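# Commentary on secondary and tertiary structure
Now for the letters of each chain:
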Amino acid sequence: MEIKEERTSDEAQHFLPVTQADNLREPQFTGIQRIANESKLELVLACKDLVATARDRKLNTFVQISVVHPAEQTLTRYSSTEIVEGTRDPLFLTGVTFPPEYPIYEETKIKLTVYDVKDKSQDTVRTRVLSEHKEPRTDVGRNFLGLATFKVGDLVKSKEQQLTLTLRTSDGGKTVGTIDVSIVKMGEIEEGKADHITTDVQAQKCALVCECTAPEGVNGKDSLPLLNAVLKNPIYKLYRFPTSDNKWMHIREQMSESTLSFHVPKELINLHIKEDMKRNQDLKELGELAPHWDNMRKNVVAHCEQMLNMYQDTLADLGKHTGSSFKSSCSKGEKTLEFVPVNLHLQRMHVHSPRLKDALYDVITVGAPAAHCQGFKNGGLRKLLSKFEAERRNTGYQCIYYSPENTAKAKEVLSNINHLQPLISSHADQLLNSASQHSPDSLKNSLKMLSEKTELFVHAFKDQLVRSALLALYTARPGCVLKKPTVPRNSVERSGDPQGQDHPSQIKRQNSIPHHSEYDEEEWDRVWTNVGKSLNCIIAMVDRLLEKDSSSSGIKESKNDPSSADHMVSQRSGDWYEQLYPLVITLKDCMGEVVTRAKQSMTFVLLQELACGLPQHLMLTLRRDIVFSQALAGLVCGFIIKLHTSLYDQGFLQQLHTVGLIVQYEGLLSTYSEEIGMLEDMAVGISDLQKVTFKIIEAKSNDFLPVITGRREHYVIEVKLPAKMFELLPQEIKEGKQLHVYPVLFNVGINEQQTLAERFGDTTLQESVNQENLELLKEYYKLFTEKMPPDCLPHFQEQNDLKRLLENLHQNIQAKKRKNVEIMWVAATICRKLNGIRFTCCKSAKDRTSMSVTLEQCSILRDEHQLHKDFFIRALDCMRREGCRIENVLKNIKCRKYAFNMIQLMAFPKYYRPPEGTYGKADT
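We now turn to the structure provided with this report. (Residues numbered from 1 in each chain as written. Predicted model: local features only at pLDDT ≥ 70, side-chain atom pairs only at ≥ 80, totals over all residues. Heavy atoms only, no water.)

## What to know about the state of the cysteines
Each disulfide consists of a covalent bond between the sulfur atoms of two cysteine residues. This is how it is decided: Our working definition of a disulfide is a cysteine sulfur pair at a distance within 2.5 Å. Secondary structure counts use DSSP, requiring at least four H or I residues in a row for a helix and at least two E residues in a row for a strand, with both numbered from the N terminus. The rule is simple: take the accessible area with a 1.4 Å probe, protein chains only, and divide by the maximum for that residue type; under 20% is buried, over 50% is exposed, in between is partly exposed.
Enumeration over the complete set of coordinates arrives at one disulfide. Covalent S-S linkage joins C399 and C612, the inter-sulfur distance amounting to 2.1 Å. The chirality of the disulfide connecting C399 with C612 is right-handed, given an S-S dihedral of about 125°. One end of the pair, C399, is in the loop between helix 7 (381–394) and helix 8 (404–436); the other, C612, is in the loop between helix 13 (562–611) and helix 14 (616–645), with 213 residues separating them in the sequence. C612 matches C399 in its accessibility class, with the two residues each being buried. Cysteine C841 is unpaired, with the sulfur of C842 as its nearest cysteine sulfur at 8.0 Å. On the basis of relative accessible area, C841 is assigned to the buried category, the value being 0%.

Printed below as a string of structure tokens:
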């Protein structure tokens, strides 16, 4: 039996015998009271008067914690402390935490085994099971010193919730020291200081942190359904570190998977399938084409259908996926999971300090968004897209070249058609309904909505692209003849022509584009301006009807004849509907004619785009979809978590709907070999996130997973909030205002491959990416200072800090210093000061990412929470040796070792090197 750290109760049952699993369903043991979503039990440990195996030996000790469940007789290794060197009285900074889902009761026994480590490079604690009565094995690199066992109930019921236990040898005969076990309750304090904290502590007592409330909204019952829908399988770690004034601060580290790793890709692929099916259908309905163009269409449709089948197969495969909520680093190259982000996790640090308000620090860790299955032999998206566009422009393909801007415009026109046509039809029907009810106010409102949407519709076609595409389409028809127009007209002037108020019978109606007759290039102008003229006729008729109604109401009041008044109302009601009906029908007909022509012309533009680059265009679209899917899954996760933790911060909420959020990505990829392609993919994928907006809606059911709508050029993410949380939002957000994000990427390679790139290769890609994103960050800061009200801006000193930090970042990027990790530190600080969302990425978000996030956490403790300067390195080693990130490594590769070797680490910056014994050969 093997139990990994912090599993959900359902998962934990898979690792328990049947008898115990049954007991979990009908508990026969005494449960431990706890707060919802808080850890069930947290402990800290310290030893005294340990006896060394050799007289002159200095002890390097750690404690291994094992659990004996009350329903079984097997021992499960649960966790370990860090190694404390050179003392007989070690005080351990790494605690023990049992999460809410862990099956622990008062009858549960906990076994504490103390080891003396002889060689840290040979010692890596592994999770495995021992028989309860089996003597602990002397592992390579360590000696067994002693053990002690206690029941959880004895600790919980003790006076100060602290036990002092005697450590004995395995035969129970010899005493080798004592071990103190104390319960930690974040939010309470026991009087006392942690004076003279050193590695050689004498009779030191663990003081608990000062009383503090948890951050508002973080642990509320109302928010639990949202968090439980997004986060899964949390892992918790507990630390206690001394502050500069010799007080204790307690840190709870948490790492959670996200269900969005699979949910977002499935939503996106489903949208891609619908979008591509619609495009394929539009291509088929393009009408009769000359043989050359018809063969081209058949070839394009065949390729598109093949690609569509691939998307459908991928969606089906993802639908069958069960098990873990994350994609491990070992699965980077798995074809069926290529849309899923690699190793996506929330990394959270919850700090309780003596004199400071509790604080949360979140970082989303994820593998760099990249198309691993497609490989990087020819580079990544940044290079491939540039090369493809140059080739498409310069080669002599038998098709018409349209710029990327024009093809994007064509897609926008098609999207506007699909969106506005049903709205206009609906408002027109509502206008007739108001006329039949003879309701002047309703008639005015319906006309206002109809006018607004129709004007948007007409404006969508005021573009030379539509006119030129219609002509190009006509030339692609069989047997076309061109006629040059004699009197050019200005379509904008005609749309406002007062003659537009003439009776609709005077409007010249046109048939579809002629195939075997002369083509008048001005015909399109007449067709689409007829929509505006039809609307003007409706407006004029409504004005006349309302004017007559007002006059007749005055006559009725003067005559005061009820019977004649009823007759007039009935007659006018019929008159209104009868007079408006033919005008509305004409509007719909004119609109339908415009839609048919515009849709075909814009589809013809898309046909040229596809035909000019088969099959490269479709393969690049696939690659871009894959990279974007991975990037979006992380972004949605980060946005929801940020919204949840800042829901009570009015300044943040105002910033959210007034300016938007900065999203800062820290990249650790090298600019050497395959990682160049990964960085090129990542740069495009993160840049593409600019086309994403968020909308927050009230959840109407227990389904809190976000909904994605839109198309490749623009996506809207609908985030659902429980009713009580939704009520906390500003009115602008509740009314559905779209919220923007501003993604920026700063990359600094830190490994041995980056050393090769800096000395023998090329680092211009990294320099270009950093410079471009610095400009984007400056633009966001300018927008932030301009749009945010003065009373919501940070204090003046904070503003000066941001200006100084931006200048510092600019100088560091310009310096072109080798492995200048200060770029990442400064960028991360700016992001936090601007209420942004933080991301850290490397190839797999496992090894280099772990070094970075642990360094960031300890730097925050030092700079913001007064971590004792002498304990910075030790805190760093604790988090890397026994923290959440080593558990992340275990989840990914089934081994508790970072995938570094000694030679590689010599090339790493000093503070990015893991402690001895935590790295070595490992398959990644």
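## Observations concerning the packing of aromatic side chains
Inclusion rule: Ring geometry is summarised as follows: Phe, Tyr and Trp rings, the Trp one being its six-membered ring, pair when their centres sit within 6.5 Å, and such pairs are stacked at plane angles under 30 degrees, edge-to-face over 60 and tilted between the two. By definition here, charges over rings are those cases where NZ of Lys or CZ of Arg is within 6 Å of the ring centre and within 35 degrees of the ring normal.
By the definition in use, this model includes 17 aromatic pairs. Measuring from ring centre to ring centre gives 5.4 Å for F62 and Y115, while their planes differ by 20°; the resulting arrangement is stacked. Of the two residues, F62 is situated in strand 2 (residues 60–68) and Y115 in strand 6 (residues 109–117); the sequence distance between them amounts to 53 residues. Both residues of the pair, F62 and Y115, belong to the buried class. Between Y665 and F839 the ring centres are 4.3 Å apart and the planes differ by 20°, which places this aromatic pair in the stacked class. Here Y665, found in strand 17 (residues 661–667), pairs with F839, found in strand 22 (residues 837–841); they are 174 residues apart in sequence, far enough to count as distant. Note on Y665: relative accessible area 1%, which makes it buried. The class of F839 is buried, set by a relative accessible area of 0%. An aromatic cluster is built from F62, Y115 and F144, whose rings are joined through pairwise contacts. The ring of Y115 is capped by R142, whose NZ or CZ atom sits 4.7 Å from the centre of that ring.

## Notes on a nonpolar patch on the surface
As a reminder of what qualifies: Patch rule: a residue counts if its relative accessible area is over 30% and it has no salt bridge; like charges are joined within 9 Å, and nonpolar side chains (Val, Leu, Ile, Met, Phe, Trp, Tyr) within 5 Å. Each accessible area value is a Shrake-Rupley result obtained with a 1.4 Å probe; residue values ignore everything except the protein chains displayed when judging cover. Any Lys or Arg side-chain nitrogen located within 4 Å of an Asp or Glu carboxyl oxygen qualifies as a salt bridge.
A contiguous nonpolar surface patch, about 320 Å² in accessible area, is contributed by Y672, L756 and F760. Following the sequence through the fold, L756 ends up in helix 19 (residues 752–760). What makes L756 partly exposed here is its relative accessible area of 33%.

## Describing the nonpolar core
Going by this rule: In this text, buried Ala, Val, Leu, Ile, Met, Phe, Trp, Tyr and Cys residues form a nonpolar core when linked through side-chain atoms within 4.5 Å. Working rule for contacts: check all heavy atoms of both residues, and any pair within 4.5 Å makes them a contact.
Ranked by size, the top nonpolar core spans 86 residues in total, and within it V300, F457, F461, W524, I538, L580 and M602 carry the most contacts. With 17 residues, helix 13 is the single largest residue contributor to this core. Not counting the four nearest positions on each side in its chain, M602 is found in contact with A410, V413, L414, L465, V466 and A469.

## With respect to the pattern of salt bridges
For the structure on display, the rule yields 39 salt bridges. Residue D294 pairs with K298 through a salt bridge whose shortest N-O separation is 3.6 Å. One end of the pair is D294 and the other is K298, both in helix 6 (residues 291–320) and four residues apart, which spans about a single turn. If you follow the salt bridges from partner to partner, you end up with E275, D276, R279, D625 and R712 in one network.

## Focus: the packing of helix 7 against helix 16 (residues 674–688)
Note the following rule: Note on geometry: axes are C-alpha line fits, over the in-contact stretch for helices, and angles between N-to-C directions span 0 to 180 degrees. Small angles under 35 degrees read as roughly parallel and large ones over 145 as roughly antiparallel, with 65 to 115 read as roughly perpendicular and the rest as oblique. Residue polarity is assigned by list, with Asp, Glu, Lys and Arg as charged and Ala, Val, Leu, Ile, Met, Phe, Trp, Tyr, Cys and Pro as nonpolar; anything else, Gly included, falls into the polar class.
Remark: helix 7 packs on helix 16, axes separated minimally by 6 Å, with the N-to-C direction vectors making an angle of 80°. Taken together, the axes of helix 7 and helix 16 are roughly perpendicular relative to one another. Taken together, the residues of helix 16 that come into contact with helix 7 (itself represented by L381, R382, K383 and L385) are E680, D681, A683 and V684. Within the contact of helix 7 with helix 16, the residues separate by chemical class into four nonpolar, no polar and four charged.

## Quick word on the environment of L226
By secondary structure assignment, the location of L226 is in helix 4 (residues 224–230). The buried category is assigned to L226, whose relative accessible area is 1%. Sequence separation of L226 and P722 is 496 residues, and the distance between their C-alpha atoms is 7.4 Å.

## Topic: helix 24 (residues 872–882)
A large share of helix 24 lies buried, amounting to nine of its eleven residues. Residues of helix 24 that are buried: F872, R874, A875, L876, C878, M879, R880, R881 and E882.

## Some points on the sheet that holds strand 14 (residues 359–365)
Stated precisely, the cut-off is as follows: When DSSP locates at least two bridges between a pair of strands, those strands are taken to pair.
Judged by pairing direction, the sheet is mixed, and its ten strands sit side by side in the order 11-12-13-14-22-17-21-18-20-19 without closing on themselves. If you trace the sheet from one side to the other, it starts and ends with strand 11 (231–242) and strand 19 (707–711), each paired once. Averaged over all pairs of adjacent strands, the angle between their axes in this sheet comes to 25°, without regard to strand direction. The strands touched by helix 15 (residues 650–658) are strand 17, strand 18 (692–698) and strand 21 (739–747); relative to strand 17, the strand with the most contacts, the crossing angle is about 90°. Helix 23 (residues 848–864) rests against strand 11, strand 12 (248–258), strand 13 (345–352), strand 14, strand 17 and strand 22 of the sheet, and its axis sits at about 20° to strand 13.

## A look at the side chain of S328
Tracing the chain through its elements places S328 in the loop between helix 6 and strand 13. A relative accessible area of 15% places S328 in the buried class. Dropping the residues within four chain positions of it, S328 is found in contact with V342 and N892.

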